[in-house]
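Per-entry structural report
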Amino acid sequence: MAVYAFIFPGQGSQSVGMGQELAEAFPAARSVFEEVDDALGEKLSKIIFEGPMESLTSTENAQPALMAVSMAVLRVLEQDGGLDLAGKVTLLAGHSLGEYSALAAGRAFGVAEAARLLRLRGQAMQKAVPAGEGGMAALIGVTLVQAEDICTKASAKGDVEIANDNGGGQIVISGKSAGIDEAIAIAKEMKIKRALKLSVSAPFHSSLMKPAEDVMAEALAKAEITAPIVPVIANVTAERETDADTIRQNLVRQVTGRVRWRESVAAMVGMGVDTFVEIGAGKVLSGLVRRIDSEVTGLSVGTPADIESFLKTL
């Protein structure tokens, strides 16, 4: 029998129209979008379903939007498909904002709380660094040691750090714009397969996000967080967490900390997981999982057809 981990996508997986087919087909999915709209006091669902893409990609919208789609899929699996999450799924994990989706899936907090926290997180991350002063870049075909070396050298021009260790030779770096430009130049000199600037609005998961970390520390201190019904792998530690206070601290640290996705997947495999199911928009994480460990199965469940075929495998 398969041993399942449910994984939840992060920023970059959004697309206009995501979740719309679900909302039209299932009242359970519709109720999630309505709950998010109510929590935010605006029709985020209209932006999710109709765009424009520019509005959806805005960090303050993309973060709660992706969580909403993930939770809509999960709610359909549970309410219409009869999925017993705690009985069937061994671990939960998410990439960056996806960790909030994982925690909402595990009932550590509700969908409305997750939406409010992610809206605030998106706004705080956006405001933390003035436009144009920071950026991010993806390094493809690189080892962790090489990426750390590139960051150390490039930081002579402006602080640069590893933001995401995604696995499969993909590492994302984050920092001051001048440092990022230098890092790309160094990577090209080193004949790294690809080094490209990302079209993001701020240097996420770097020490430059400290103002946003402070905002989230205050918000998370007031948030009601309980032990999840399924353990969640934390981004910043790549360890299995169930303690509410530790989860709270990890979410604060996550704003400036490295997303240890490669280590998280390895940890889950070490705990017996052989089937990773990406819940929500896109197929980024299921693809990464297969590149990290070719022995495991990576599935994506985001549409009514995906749900139908996945439920047949249980």
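Residues numbered from 1 in each chain as written. Predicted model: local features only at pLDDT ≥ 70, side-chain atom pairs only at ≥ 80, totals over all residues. Heavy atoms only, no water.

**Looking at the packing of aromatic side chains**
- Scanning the model with the defined rule gives 4 aromatic pairs in all.
- Here the aromatic rings of Tyr-4 and Phe-310 are separated by 5.8 Å at their centres, their planes lie at 85°, and the arrangement is edge-to-face. You can see Tyr-4 sitting in strand β1 (residues 4-8) and its partner Phe-310 sitting in helix α15 (residues 304-313), a full 306 residues away along the chain. Just as Tyr-4 is buried, Phe-310 falls in that class too.
- Three or more aromatic residues joined by ring pairs make a cluster, and in this case those are Tyr-4, Phe-6 and Phe-310. (Phe/Tyr/Trp six-rings, centres within 6.5 Å; stacked < 30°, edge-to-face > 60°. Helix = DSSP H or I, 4+ residues; strand = E, 2+ residues; numbered from the N terminus. Buried < 20%, exposed > 50% of the residue type's maximum accessible area, 1.4 Å probe, protein only.)

**So, the sheet that holds strand β8 (residues 240-241)**
- Here 6 strands make up an open sheet; going across it, the order is β8-β7-β2-β1-β9-β10 and the pairing mixed. Either end of the sheet is taken by a strand with one partner, and the two such strands are β8 and β10 (297-301).
- The pairing of β1 with strand β2 (residues 89-94) spans 5 bridges and is parallel. If you follow Tyr-4 over to β2, its bridge partner there is Val-89. (Pairing = 2+ DSSP bridges.)

**Section: the side chain of Glu-241**
- Topologically, Glu-241 is positioned in strand β8.
- With no salt bridge to any partner, buried Glu-241 finds its closest opposite charge in Arg-253, at an N-O distance of 6.9 Å.
- Other than its neighbours up to four places away in sequence, Glu-241 contacts Pro-228, Pro-231, Val-232, Ala-234, Thr-246, Ile-247 and Asn-250. (Lys, Arg positive; Asp, Glu negative; His and termini not counted. Salt bridge = Lys/Arg side-chain N within 4 Å of Asp/Glu carboxyl O. Contact = heavy atoms within 4.5 Å.)

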